[in-house]
Amino acid sequence: MMDDIYMISDAEITKRISSRLKELRLKQNISRQDVSVSSGVSVSSIVRMEDGEIKSFESFLRILRTLGKIDVLLPLVEEEEISPSEYFKLVHSAKTKQRKRASKSKNNVQQEESEW
C-alpha cells in the first residue's frame, strides 16, 4: 500500500523515484549506455540519477521518455476541461472586468493660441 505522499520526505521520494528508474531500465533489459545514447544523457548522469541524485529535471524527463514512462506526468500537463456553465461564467466575468477608456472631458477643448 502506498504511503501518504505528503508524509514522505523529499529525500525519500527522490530515493524511491531513483530506485524505480533503475528497476524500469533493468526490467526492459536496457543498458545504461543504451539509455545514454537514446536520451542524450551521459552515462555518469544516469548512474548518479539511479543512485538518488536527480539534479536535472530535463535529463529526468529524457530518461522517462526513453524508458516509455513519460506518461506518468500526464496529469501535470493536461489542460483541465471545464463545463459549459463554467466557460460561460469565465467569459462573462472577463467581459465585465474589461478596462474602459476614459472619455474626453470638456476641459480638453483646444484653446486658441494667444497672440503674445
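Every value quoted in this text rests on a predicted model; they were computed, and no experiment measured them.

Colleague: Is there a simple way to explain the overall build of the protein chain in this structure?
Modeller: When helices and strands are tallied, the protein chain shows six helices and zero strands. Taken over 116 residues, the protein chain has a buried fraction of 17%. For the protein chain, the share of sequence-separated contacts (at least 6 apart) that also reach a separation of at least 24 residues comes to 44%. Accessible area for the protein chain stands at about 10,600 Å²; split by element, carbon and sulfur atoms hold 51% of it.

Colleague: How should I be thinking about a nonpolar patch on the surface in this particular structure?
Modeller: On the surface, Leu74, Leu76 and Val77 cluster together into a nonpolar patch covering about 330 Å² of accessible area. Given the relative accessible area of 62%, valine 77 is considered exposed.

Colleague: Just checking my understanding: could you explain the packing of aromatic side chains for this structure?
Modeller: What characterises a pair of aromatic rings is the spacing of the ring centres plus the angle enclosed by the ring planes. According to the stated counting rule, one finds one aromatic pair in the structure shown. Ring centres of phenylalanine 57 and phenylalanine 60 lie 6.1 Å apart, and the angle between their planes is 40 degrees; on these two criteria the pair is classed as tilted. You can see phenylalanine 57 and its partner phenylalanine 60 sitting in helix α4 (residues 57–66), three residues apart, about one turn around the helix. Phenylalanine 57 gets classed as exposed once you look at its relative accessible area, which sits at 55%. In this structure phenylalanine 60 comes out as buried when scored by relative accessible area, which is 10%.

Colleague: Just to check I follow, could you spell out the packing of helix α2 (residues 32–39) against helix α3 (residues 43–50) for this structure?
Modeller: Angle between the axes and distance between the axes: these two values describe a pair of packed helices. Contact pair α2 / α3: the axes reach a minimum separation of 9 Å and the direction vectors enclose 115 degrees. With respect to α3, the element α2 is oriented roughly perpendicular. Viewed along their axes, α2 and α3 form a crossing whose handedness is right-handed. For the pair formed by α2 and α3, the contact residues are Arg32, Gln33, Val35 and Ser36 on the first element and Val43, Ile46, Val47 and Glu50 on the second. Residues of the contact of α2 with α3, tallied by class, amount to four nonpolar, two polar and two charged.

Colleague: Would you mind going over the environment of valine 47 with me for this structure?
Modeller: Within the fold, valine 47 resides in helix α3. Exposure remark for valine 47: the relative accessible area of 25% places this residue in the partly exposed category.

Colleague: Whenever I open this one, unusual backbone geometry confuses me. Can you help?
Modeller: Across the chain, the bulk of peptide bonds are trans and the bulk of non-glycine residues have phi less than zero. Backbone geometry at asparagine 29 places phi at a positive 55 degrees, although glycine is not the residue there. Overall, the relative accessible area of 71% leaves asparagine 29 in the exposed class.

Colleague: Got a minute to help me understand the pattern of salt bridges in this structure?
Modeller: Taken as a whole and assessed by the stated rule, the structure comprises five salt bridges. Arginine 16 serves as the salt-bridge partner of glutamate 12, at 3.0 Å between the closest nitrogen and oxygen. With a gap of four residues between them, glutamate 12 and arginine 16 both fall in helix α1 (residues 10–27), about one helical turn apart. Relative accessible area serves as the criterion here: at 26%, glutamate 12 is assigned to the partly exposed category. Accessibility expressed as a relative area gives 34% for arginine 16, which makes it partly exposed. Note that glutamate 50 and arginine 32 form a salt bridge whose closest N and O atoms lie 2.8 Å from each other. Of the two residues, glutamate 50 is situated in helix α3 and arginine 32 in helix α2; the sequence distance between them amounts to 18 residues. Among the ionic contacts, a cluster of salt bridges with common partners joins Arg25, Arg32 and Glu50.

Criteria and cut-off values
Residues numbered from 1 in each chain as written. Predicted model: local features only at pLDDT ≥ 70, side-chain atom pairs only at ≥ 80, totals over all residues. Heavy atoms only, no water. Helix = DSSP H or I, 4+ residues; strand = E, 2+ residues; numbered from the N terminus. Buried < 20%, exposed > 50% of the residue type's maximum accessible area, 1.4 Å probe, protein only. Contact = heavy atoms within 4.5 Å. Areas by Shrake-Rupley, 256 points an atom, 1.4 Å probe, with all protein chains shown as cover. Patch = residues over 30% accessible without salt bridge, like charges linked within 9 Å, V, L, I, M, F, W, Y side chains within 5 Å. Salt bridge = Lys/Arg side-chain N within 4 Å of Asp/Glu carboxyl O. Phe/Tyr/Trp six-rings, centres within 6.5 Å; stacked < 30°, edge-to-face > 60°. Axes fitted to C-alpha atoms, helices over the stretch in contact; angles between N-to-C directions. Parallel < 35°, antiparallel > 145°, perpendicular 65-115°, else oblique. Left-handed = near helix turned anticlockwise from the far one by under 90°. Nonpolar A, V, L, I, M, F, W, Y, C, P; charged D, E, K, R; others polar.

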